[in-house]
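Descriptive analysis of the structure
The primary structure of each chain is shown beneath.
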Amino acid sequence: MKPHLAKKHAEKIFLGLALTALILTILFLFTLLWDVISDGFPKISGGFLSGYPSRKPSEAGILPALAGSAYLMALTAIIAVPIGLFAAVYLEEYANKSYLSRILELNIANLAGVPSIIYGLLGLQLFVRFADLGRSVAAGALTLSLLILPVIIIASREALRQVPKGFREASLALGATKWQTVWNQVIPNALPGVMTGCILALSRAIGETAPLICLGALTYVAFVPDSVFSAFTALPIQAFNWVSRPQAAFHENAAGAILVLLVLLVMLNSFAVFIRMKFQKQYTQG
Amino acid sequence: MVTAQTQEAHELCISVKNLSVFYGDNQALFDISMDIPEKEVTALIGPSGCGKSTFLRCFNRMNDLIPSARVEGEILLKGNQILGNSVDVVTLRKRVGMVFQRSNPFPKSIFENVAYGPKIHGLRDRNKIEEIVEDSLKKADLWNEVKDRLHTSGIGLSGGQQQRLCIARALAVEPQILLMDEPASALDPRSTSKIEELIGVLKENYTIVIVTHNMQQAARVSQKTAFFYEGYLIEYGETEQVFQNPNEKQTEDYVTGRFG
Ligand SMILES: Nc1ncnc2c1ncn2[C@@H]1O[C@H](COP(=O)(O)OP(=O)(O)OP(=O)(O)O)[C@@H](O)[C@H]1O
Ligand SMILES: [Mg+2]
């Protein structure tokens with residue numbers, strides 16, 4: 001065989017392999033989605049969404065879990081977004097590139113890869129026991145905040161770095177101080193990127209089960225949390241609880257809960273994409 | 001009136017003494033001394049990389065933003081030293097405005113672009129701000145084109161309009177000196193001549209230092225011209241003399257287009 005022919009064959013084989021891998025992945029995804037939808041969709045109803053857990057699978061609903069997840073996400077966002085953004089501003093705009101700050105940076109990158117159950121253990125010790133918050137929404141939100149902070153910081157720094165140099169220069173040349181420039185020009189221009197990063201981080205948090213179980217979030221909650229100090233459950237925990245029941249009917253409930261979670265995730269992610277597209281114009285025109 | 005103006009023109013605005021600038025170990029400017037007169041246009045010309053922008057950025061201390069940059073020597077602005085750590089850079093930059101090569105309006109409304117300077121300097125009175133915005137846009141010869149859409153985005157303007165918006169934004173903080181780094185190099189001929197006309201008017205009230213690659217432009221707009229080459233100030237004098245009767249061979253070669 002001539003060498004260029006061999007090359008051509010190799011290329012075809014490679015293409016074939018890549019295509020097979022892609023098709024397999026999509027197939028898996030669709031099987032999974034189909035499985036969840038076919039099991040879960042018949043369950044979705046007003047009663048399911050607004051009902052409380054019950055011993056009878058047909059009467060059980062996900063309201064406490066849905067409310068718990070919403071509560072948890074809101075509080076996590078309130079805690080993690082400002083801290084993450086300002087940590088990123090500090091690292092990107094103020095920290096001098098010293099040895100110490102480089103170690104700090106490296107650690108943040110590493111923290112983003114730490115298994116979530118470790119954060120659960122940390123949260124259990126730090127928030128549930130030491131800060132004496134108990135198994136509350138607050139403890140859960142603080143733990144999830146720790147979990148997603150590294151991701152938010154990394155995404156925010158990336159967004160800050162992308163703000164065109166011209167805006168900073170123009171602002172400083174007008175006699176603005178560094179802080180005025182950061183506050184009036186840099187942060188507003190980085191905000192779409194920061195928000196996209198935060199939403200993606202939050203959508204990771206909303207699906208987390210391990211750290212919450214680790215904290216001791218309850219699996220059977222028959223009430224909607226009424227304050228940040230009340231006990232809670234969340235959608236993935238509810239699903240986990242139902243899957244571990246022996247009765248098949250509960251498994252359908254689990255599929256329903258997972259479907260609701262998936263819809264929430266798709267909504268969050270579409271919102272992130274929407275923000276990105278809406279603000280991209282500003283940049284390309286500038 | 002012409003004579004009155006030339007008399008005024010002899011007053012000194014900026015005095016540079018033995019200025020050297022380094023980027024790390026590389027020296028970009030060598031021992032520059034130069035006096036820039038008030039309310040005239042001084043053009044800086046020279047081949048790419050000869051240090052024109054570096055020189056210009058010394059006057060509003062923008063080189064401070066580059067960690068590796070180091071400036072030695074003296075620059076006196078109306079007799080006051082502007083180099084050194086004790087100088088209040090914010091006040092300096094209020095007095096010395098700058099217009100950049102790439103027009104860089106903020107992604108905000110035209111109004112907010114111009115109002116930004118006065119606002120960060122503490123002005124809150126809405127009427128006063130509106131007055132300054134209108135006044136600055138008029139000075140930049142942009143008012144008639146944008147007065148009906150002050151609250152639309154500055155980024156929606158044409159390239160030439162954007163650059164005049166940037167000039168208006170700089171004028172809004174009431175500087176005495178205007179630095180322009182190739183303000184028209186990205187513009188079409190019509191927008192360019194508009195900017196040139198504007199410079200001619202602005203020099204009645206402002207001291208202007210402009211970097212340009214365009215020889216005809218330097219000849220048209222400036223009264224003084226400085227020719228830089230590889231970090232050295234080769235020749236500095238009346239524009240007419242520098243272009244028609246240069247003292248140095250290098251200047252002659254450059255202005256006649258034999259190199260650069
Ligand atoms: N931020 C920087 N860091 C290091 N070196 C720099 C920096 N900016 C400029 N220089 C160097 O300093 C020298 C002068 O650059 P400068 O930008 O002042 O030239 P210029 O005359 O404005 O050129 P141009 O006409 O291309 O704009 C060049 O050799 C350049 O490489
Ligand atoms: Mg330059």
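Parameters and conventions
Residues numbered from 1 in each chain as written. Chains lettered and ligands numbered in written order. Predicted model: local features only at pLDDT ≥ 70, side-chain atom pairs only at ≥ 80, totals over all residues. Heavy atoms only, no water. Helix = DSSP H or I, 4+ residues; strand = E, 2+ residues; numbered from the N terminus. Rg over C-alpha atoms; globule rule 2.2 N^0.38 Å. Buried < 20%, exposed > 50% of the residue type's maximum accessible area, 1.4 Å probe, protein only. Areas by Shrake-Rupley, 256 points an atom, 1.4 Å probe, with all protein chains shown as cover. Lys, Arg positive; Asp, Glu negative; His and termini not counted. Charge placed at Lys NZ, Arg CZ, Asp CG, Glu CD. Near = heavy atom within 4 Å. Polar contact = N/O pair within 3.5 Å; in protein donor to acceptor, adjacent residues only side chain to side chain. Nonpolar A, V, L, I, M, F, W, Y, C, P; charged D, E, K, R; others polar. Pairing = 2+ DSSP bridges. Axes fitted to C-alpha atoms, helices over the stretch in contact; angles between N-to-C directions. Contact = heavy atoms within 4.5 Å. Phe/Tyr/Trp six-rings, centres within 6.5 Å; stacked < 30°, edge-to-face > 60°. Lys NZ or Arg CZ within 6 Å of the ring centre and 35° of its normal. 1 Å grid on protein atoms, 1.4 Å probe; cavity = no way out; pocket = protein on both sides within 12 Å on 5 of 7 lines; lining within 4 Å. Points joined across faces, edges and corners; volume = space filled by probe spheres on them. Domains from an automatic or database assignment. Buried area = accessible area lost by both parts, 1.4 Å probe. Salt bridge = Lys/Arg side-chain N within 4 Å of Asp/Glu carboxyl O.

1. Observations concerning the overall build of chain B
On a plain count of helices and strands, chain B comes out with 11 helices and 10 strands. Relative to the compact-globule value of 18 Å for 260 residues, chain B shows a C-alpha radius of gyration of 18 Å, a close match. When its C-alpha atoms are laid out on the principal axes, chain B stretches across 55 × 40 × 35 Å. When the 260 residues of chain B are sorted by exposure, 53% land in the buried category. As presented, chain B carries roughly 11800 Å² of accessible surface, and 45% of it is formed by carbon and sulfur atoms. Side chains of chain B carry 29 positive and 34 negative charges; the gap between the two charge centres is 6 Å.

2. A few points about the site of ligand 1
Residues and elements named next belong to chain B. Near ligand 1 you find Tyr23, Ala28, Ser48, Gly49, Cys50, Gly51, Lys52, Ser53, Thr54, Ile66, Glu182 and His213, and these make up its full shell. Separating an oxygen atom of ligand 1 from a side-chain N or O atom of His213 is a distance of 3.0 Å. Considering each element in turn, the shell around ligand 1 owes the most residues, 3 residues, to helix H2 (residues 52-58). Each residue belonging to the shell around ligand 1 can be placed in one class, and the counts come to 4 nonpolar, 6 polar and 2 charged.

3. A word on the sheet that holds strand E10 (residues 232-238) of chain B
Residues and elements named next belong to chain B. Pairing in this open sheet of 6 strands is mixed, and the strands run E6-E7-E8-E3-E9-E10 from one edge to the other. The sheet is open, and its two borders are formed by strand E6 (96-99) and E10, each paired with just one other strand. Pairs of neighbouring strands in the sheet enclose a mean axial angle of 15°, with direction left out of account. Along the sheet, helix H8 (residues 189-202) makes contact with strand E3 (41-45), strand E7 (177-181) and strand E8 (207-211), crossing E8 at roughly 150°.

4. Regarding the packing of aromatic side chains
One pair of aromatic rings is described through two measures. These are the centre distance and the angle between the planes. Counted under the stated rule, the structure contains 10 aromatic pairs over all chains. On the numbers, 5.1 Å between centres and 50° between planes, the contact of Phe55(B) with Phe228(B) is tilted. Taken together, the residues Phe55(B) in helix H2 and Phe228(B) in strand E9 (residues 224-229) connect sequence positions 173 residues apart. Taken as a pair, Phe55(B) and Phe228(B) share a single burial class, namely buried. Joined through ring pairs, the aromatic side chains of Phe167(A), Phe106(B) and Tyr116(B) make up one cluster. A cation over a ring is seen here: Arg169(B) above Phe106(B), with NZ or CZ 4.5 Å from the ring centre. Its end group placed over the ring of Tyr236(B), Lys224(B) keeps NZ or CZ at 5.4 Å from the ring centre.

5. Here we look at the layout of surface pockets
Where empty space is left can be seen by rolling a probe of water-molecule size over the atoms. Computed from the structure, the largest pocket encloses a volume of approximately 670 Å³. Listing elements by their share of the lining of the largest pocket, those giving two or more residues are helix H3 (63-94), helix H7 (165-173) and helix H8 (178-206) of chain A together with helix H3 (89-95) of chain B. Within the lining of the largest pocket, the residues separate by chemical class into 10 nonpolar, 2 polar and 9 charged.

6. As for the sheet that holds strand E1 (residues 12-23) of chain B
Strand order across the open sheet formed by 4 strands is E2-E1-E4-E5 (chain B), with antiparallel pairing between neighbours. Unpaired on one side and paired on the other, strand E2 (26-37) and strand E5 (80-81) of chain B mark the two borders of the sheet.

7. Brief notes about the domain arrangement of chain A
All names here are of chain A. Structurally, chain A comprises domain 1 (3-43) and domain 2 (48-285). One C-alpha centre belongs to domain 1, the other to domain 2, and the line joining them spans 31 Å. Taken together, the contact between domain 1 and domain 2 spans 7 residues of the former and 10 residues of the latter. Summing both sides of the interface, domain 1 and domain 2 together bury roughly 650 Å²; the carbon and sulfur share of this comes to 78%. Among the residues of domain 1 in contact with domain 2, Val36, Asp39 and Lys43 are the three that bury the most area, contributing 73% of the side total. There are 0 salt bridges connecting domain 1 and domain 2. Linking domain 1 with domain 2 are 1 residue pair in polar contact (both at pLDDT 80 or more), by the criterion used here. Across the side of domain 1 that touches domain 2, the residue classes break down as 4 nonpolar, 1 polar and 2 charged.

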